[in-house]
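Survey of secondary and tertiary structure
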Amino acid sequence: MRGLDALTVLNLRDGATVSEVAQEIHLPRTTVYRILETLCNAGFVFRDAADDRYRLTILVRGLSDGFDDEAWVTQIAKPFMADLSREIVWPVSVATLSGTTMMVRESTDHSSPLGVERYSPGYRAPLLSTSPGRVYLANSPPPQRDTLIEILARSTKEEDQPARARVELQRVLAQIQAQGYATTTRTRRLMEEVSLSVPVLVADRVLASLTVRFAASAVPLKSGIERFSPKLRECAAKISTLFSEQQAEALAKSAPEAAA
């Protein structure tokens, strides 16, 4: 677990020193040094002699074998999202964590007649000021969540400032996790737009955030939560179930090959 925590820190940065990793994962420098040197010996990390920072090697990509981010979005999430968007008409999107932002992986913005500002795959949204970011963070494992908050707390960006009010942020995230959804309202050129997001959970981790956006003038917030959150949860559950089934099938197929 400590090794994974260290890899997470390195993945979120352009390398890090022993002291920086130690500060992020709250371990003594000597312990972190041993962890990083072990990862170096295993080939997952190298120490850059130019600045004495530890960085990930290409071997880390091997840890994600069997998990193709683009593939699961296209093959699993996209059809369910299209069905949901046709039913509720408003645009639906799915986003995953990318560094310290949420990246839209797929959306129905361009096929929804009610999409005003259309977001395409690749659009990045802040973690703390958007509903997909908040619901993802609220359902993340504590070590990952704490690391992300600590990194954001040192950011100079305005949208990351809530990370500095740690107690209040933890209260908000706990409430989001308890209620099962997050909402934000933003003023657009033509209207106030509400975003409502739920987590896509697989086993004990959050895979992505599923979001619907609608105009506050057309659908009041309370009504939108009542109408859309059950449908979002149902869609998220379908994605999670099919994802888990396909992962299990992939593992079952790989087991005999590994044994051979």
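Residues numbered from 1 in each chain as written. Predicted model: local features only at pLDDT ≥ 70, side-chain atom pairs only at ≥ 80, totals over all residues. Heavy atoms only, no water.

For side chains of opposite charge, pairing can occur when their charged atoms come near one another. Tallied over the full model, the rule gives 11 salt bridges. Members of the salt-bridge network, linked through shared partners, are Glu 37, Arg 47 and Asp 52. (Salt bridge = Lys/Arg side-chain N within 4 Å of Asp/Glu carboxyl O.)

If you walk through the whole model with that rule in mind, you get two aromatic pairs. An angle of 80 degrees between the planes, with centres 5.9 Å apart, marks the rings of Trp 72 and Phe 243 as edge-to-face. Taken together, the residues span a long stretch of sequence, with Trp 72 in helix α4 (residues 69–88) and Phe 243 in helix α8 (residues 221–259) at a distance of 171 residues. The two residues Trp 72 and Phe 243 agree in class, both being buried. (Phe/Tyr/Trp six-rings, centres within 6.5 Å; stacked < 30°, edge-to-face > 60°. Helix = DSSP H or I, 4+ residues; strand = E, 2+ residues; numbered from the N terminus. Buried < 20%, exposed > 50% of the residue type's maximum accessible area, 1.4 Å probe, protein only.)

Core analysis: the largest hydrophobic core is formed by 31 residues, its most contacted members being Trp 72, Leu 196, Leu 210, Val 212, Phe 214, Phe 228 and Ile 239. Among the secondary structure elements, those contributing two or more residues to this core are α4, β3 (92–98), β7 (192–202), β8 (205–215) and α8. If near-sequence neighbours (up to four positions away) are discounted, Phe 228 is found in contact with Ile 88, Trp 90, Leu 196, Val 212, Phe 214 and Val 219. (Core = buried A, V, L, I, M, F, W, Y, C linked by side-chain atoms within 4.5 Å. Contact = heavy atoms within 4.5 Å.)

It is at 8 Å that the axes of helix α5 (residues 131–138) and helix α7 (residues 166–179) come closest, and there the two elements cross at 85 degrees. Between α5 and α7, the interaxial angle falls into the category roughly perpendicular. Across the interface between the two elements, Arg 134, Val 135, Leu 137 and Ala 138 of α5 pack against Leu 173, Ile 176 and Gln 177 of α7. A breakdown of the residues in the contact of α5 with α7 according to their chemical character gives five nonpolar, one polar and one charged. (Axes fitted to C-alpha atoms, helices over the stretch in contact; angles between N-to-C directions. Parallel < 35°, antiparallel > 145°, perpendicular 65-115°, else oblique. Nonpolar A, V, L, I, M, F, W, Y, C, P; charged D, E, K, R; others polar.)

Take α7 next. Taking 1.5 Å of rise per residue, the 14 residues of α7 would be expected to cover 20 Å, and the 20 Å separating its terminal C-alpha atoms lies within 8% of that figure. Among all positions in α7, only Leu 169, Leu 173 and Ile 176 are buried. The buried side chains of α7 occupy one side of the element, clustering within an arc of 60 degrees when seen end-on. Opposite the buried face of α7, by more than 90 degrees, sit the exposed residues Val 167 and Ala 178. (Expected span 1.5 Å × (residues − 1). Arc of directions from axis to C-beta.)

The next point concerns empty space enclosed by the protein. Scanning all chains against the criterion turns up two cavities of 30 Å³ or more. Computed from the structure, the largest cavity encloses a volume of approximately 190 Å³. Taken together, 17 residues line the largest cavity, and the ones lying closest to its centre are Tyr 119, Ala 125, Pro 132, Ser 195 and Arg 213. For the lining of the largest cavity, the secondary-structure elements that each account for two or more residues are β3, β4 (101–107), α5, β6 (182–187), β7 and β8. (1 Å grid on protein atoms, 1.4 Å probe; cavity = no way out; pocket = protein on both sides within 12 Å on 5 of 7 lines; lining within 4 Å. Points joined across faces, edges and corners; volume = space filled by probe spheres on them.)

A few words now on the confidence of the model for the chain. Looking at the chain, the pLDDT average stands at 87 and 91% of residues meet or exceed 70. Across the chain, the secondary-structure element scoring lowest on mean pLDDT is helix α1 (residues 2–12), at 81, and the one scoring highest is α5, at 97. (pLDDT = per-residue confidence, 0-100.)

Our next topic: the pairing of strand β1 (residues 45–48). Two strands pair when backbone bridges link them, and β1 and strand β2 (residues 53–56) are joined in this way by four bridges, in the antiparallel orientation. Residue Val 45 lies in a different strand from β2, and its bridge partner there is Leu 56. (Pairing = 2+ DSSP bridges.)

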